[in-house]
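Each chain is listed here by its residues.
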Amino acid sequence: MPIIADVNQCYPSIKPHIYFVPLDDELAPADFDAGLALGWLSEDEEAKVARYKSLSARNNALQVRLALRAILSRHSDIEPTQWQFIYGAKGKPALSHDLCAQTGLHFNLSHSGQWLMIGVIEVASSQHNVNLTSERSVELTQSTQSELLPSLFFGVDIERERSSTDIVPILNHYFTQAETDTLLQLPIEQQRQRFFDLWAVKESYIKARGLGLALSLKSFAVDFSEFNEGHVQLKGKVEQSIVLHQGVKLNFTDVSDIANTVAWQTQLGRLDQQYRFAITLGVNKQDIGLELTRADDDDSALMVYQLSLAQLLADANA
């Protein structure tokens, strides 16, 4: 199954990989100390982990950082301790410019409840000049914005469905009228599921843009009218098939360079009944011609993995 069709037409060398890693809120003190003792984290990362007052938050923060470094090293000969990161104005992490140019890797991550989701894109060496950091053109005039938009945008999100969430006030505040009307037309037992589906897609898009909630969630609408169910193999100790929906559309409520010059594609999946995830990828049409042939080979397929942190650490130290 190819990754997102329209994007693949214009950027066939994208190699997407999605990882799901279970997190342990109650990590034993000895395991936490052993994780730090690996020496993978930079001094500023160790300081950030130490600042968490909640033990569960501290445990998760360490596990997220270890897993990210281990996963990046699966796609490169760079050692886990050698990865260096930069952060956008709204906190979006990315590889340092040198490492991005050297490896062609770009990533995004999300965690909710007991699951960490990390997406990695491998870009062919001839296309390392793409920029997935925060949008650089916010203060530029509209005539020059399209010239300086990043070539690629990439965002992922995982959401745990929660029965305690009061969805009505959130609908009114963050969703477009079209999204709200369509949701409320569903049977009551399906409305909460649709709410979290919408939220996952919206989060993956704003994370791809790197602007956080500075970008209005009402500036675009998620359209499920051509929603169709597919499946993808989840690779790991026990391989299984999970749901991966195609045909999710983003409709922009205002005319902008993002709407006109970037080809957007989104997929929505379900890890299980409680967790859903979304992947959004955007390609700047101006930078990359659309005349290229769609790549249907296995190398361009979306690869999805479920691996424990112990497995990742063992592989990295092998």
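Rules used in this analysis
Per-chain numbering applies: the sequence of each chain, read as written, is numbered from 1 onward. Local features in this predicted model are restricted to residues of pLDDT 70 or higher, and side-chain atom pairs are both shown and tallied only at a pLDDT of 80 or more, whereas totals for entire chains, interfaces and linings draw on every residue. Hydrogens and water molecules were not included; the side-chain quantities draw on all heavy atoms of the structure. Type-normalised accessible area, obtained with a 1.4 Å probe on protein chains alone, sets the label of each residue: buried when under 20%, exposed when over 50%, and partly exposed for intermediate values. We count a stretch as a helix when DSSP gives it H or I for four or more residues in a row; a strand needs E for two or more, and each element gets its number in order from the N terminus. For two strands to be treated as a pair, DSSP must find no fewer than two bridges joining them. Put simply, a patch holds well-exposed residues, over 30% relative accessible area, that have no salt bridge, with like charges counted together within 9 Å and Val, Leu, Ile, Met, Phe, Trp or Tyr side chains within 5 Å. Reported accessibility uses the Shrake-Rupley method at a 1.4 Å probe radius. Residues are deemed covered only where the shown protein chains occlude them. Salt bridge, as applied in this entry: a Lys or Arg side-chain nitrogen positioned within 4 Å of an Asp or Glu carboxyl oxygen. Lys and Arg are tallied as positive, Asp and Glu as negative. Neither His nor the chain termini are counted. Here the site of a charge means NZ on Lys, CZ on Arg, CG on Asp, or CD on Glu. Two aromatic rings from Phe, Tyr or Trp, using only the six-membered ring of Trp, form a pair when their centres are within 6.5 Å; if the ring planes differ by under 30 degrees the pair is stacked, by over 60 it is edge-to-face, and anything between is tilted. Should the NZ of a Lys or the CZ of an Arg lie within 6 Å of a ring centre and within 35 degrees of the ring normal, that charge is described as sitting over the ring. Between the N-to-C directions of two axes lies an angle of 0 to 180 degrees, each axis being a line fitted to C-alpha atoms and, for a helix, fitted only over the stretch in contact. Should an angle fall under 35 degrees it is taken as roughly parallel, and over 145 as roughly antiparallel, whereas 65 to 115 is taken as roughly perpendicular and any remaining angle as oblique. Whether two residues touch is decided by their heavy atoms; if any such pair falls within 4.5 Å, the residues are in contact. Here the nonpolar group is Ala, Val, Leu, Ile, Met, Phe, Trp, Tyr, Cys and Pro; Asp, Glu, Lys and Arg are the charged ones; every other residue, Gly included, is treated as polar. Think of a nonpolar core as a cluster: buried Ala, Val, Leu, Ile, Met, Phe, Trp, Tyr and Cys residues, connected wherever their side-chain atoms sit within 4.5 Å.

Caption draft 1: Here's a closer look at the pairing of strand 10 (residues 262–270). The buried count for strand 10 comes to nine of nine residues, which makes it a mostly enclosed element. Pairing between strand 9 (residues 240–252) and strand 10: four bridges, direction antiparallel. Considered in strand 10, the bridge of V248 is made with T266. One ladder, built from nine bridges, connects strand 10 with strand 11 (residues 275–284); its direction is antiparallel. Each residue of the ladder has a partner; that of T266, found in strand 11, is T280. Linking strand 10 back to strand 11 in an antiparallel pair, the connection comprises four residues.

Caption draft 2: Region of interest: a negative patch on the surface. A contiguous patch of negative charge on the surface is contributed by D24, D25, E26, D31 and D33. Structurally, D33 is set in helix 2 (residues 29–37).

Caption draft 3: Spotlight on the packing of aromatic side chains. If you walk through the whole model with that rule in mind, you get 13 aromatic pairs. A ring pair is formed by F85 and F107, whose centres lie 5.8 Å apart and whose planes are at 80 degrees; its orientation type is edge-to-face. Taken together, the residues F85 in strand 2 (residues 85–87) and F107 in strand 4 (residues 105–112) connect sequence positions 22 residues apart. A relative accessible area of 16% means that F85 is categorised as buried. Of the aromatic side chains, those joined through ring pairs into one cluster are F153, Y205, F220, F252 and W264. Over the face of the ring belonging to F32 we find R58, whose NZ or CZ atom lies 3.7 Å from the ring centre.

Caption draft 4: Spatial organisation of the packing of helix 3 (residues 43–50) against helix 4 (residues 55–74). Helix 4 packs onto helix 3 with a crossing angle of 150 degrees between their chain directions and a minimal axis gap of 8 Å. For the element pair helix 3 / helix 4, the angle class is roughly antiparallel. Here helix 3 contributes E45, K48 and V49 to the contact with helix 4, which in turn contributes R58, A61, L62, R65 and R69. Tallied by class, the residues present in the contact of helix 3 with helix 4 amount to three nonpolar, no polar and five charged.

Caption draft 5: Local environment of the nonpolar core. With 34 residues, the main nonpolar core has L72, W83, L95, F107 and I118 as its most contacted residues. Going through the elements one at a time, strand 1 (15–22), helix 4, helix 5 (97–103), strand 4, strand 5 (115–122) and helix 11 (309–317) are the ones with two or more residues in this core. Considering every element that reaches this core, the biggest residue donor is helix 4, with nine residues. The residues contacting L72, other than those within four sequence positions of it, are W83, F85, L95, L105, F107 and V120. One finds F195, A200, L250 and W264 within the second-largest nonpolar core, a separate group that totals 27 residues.

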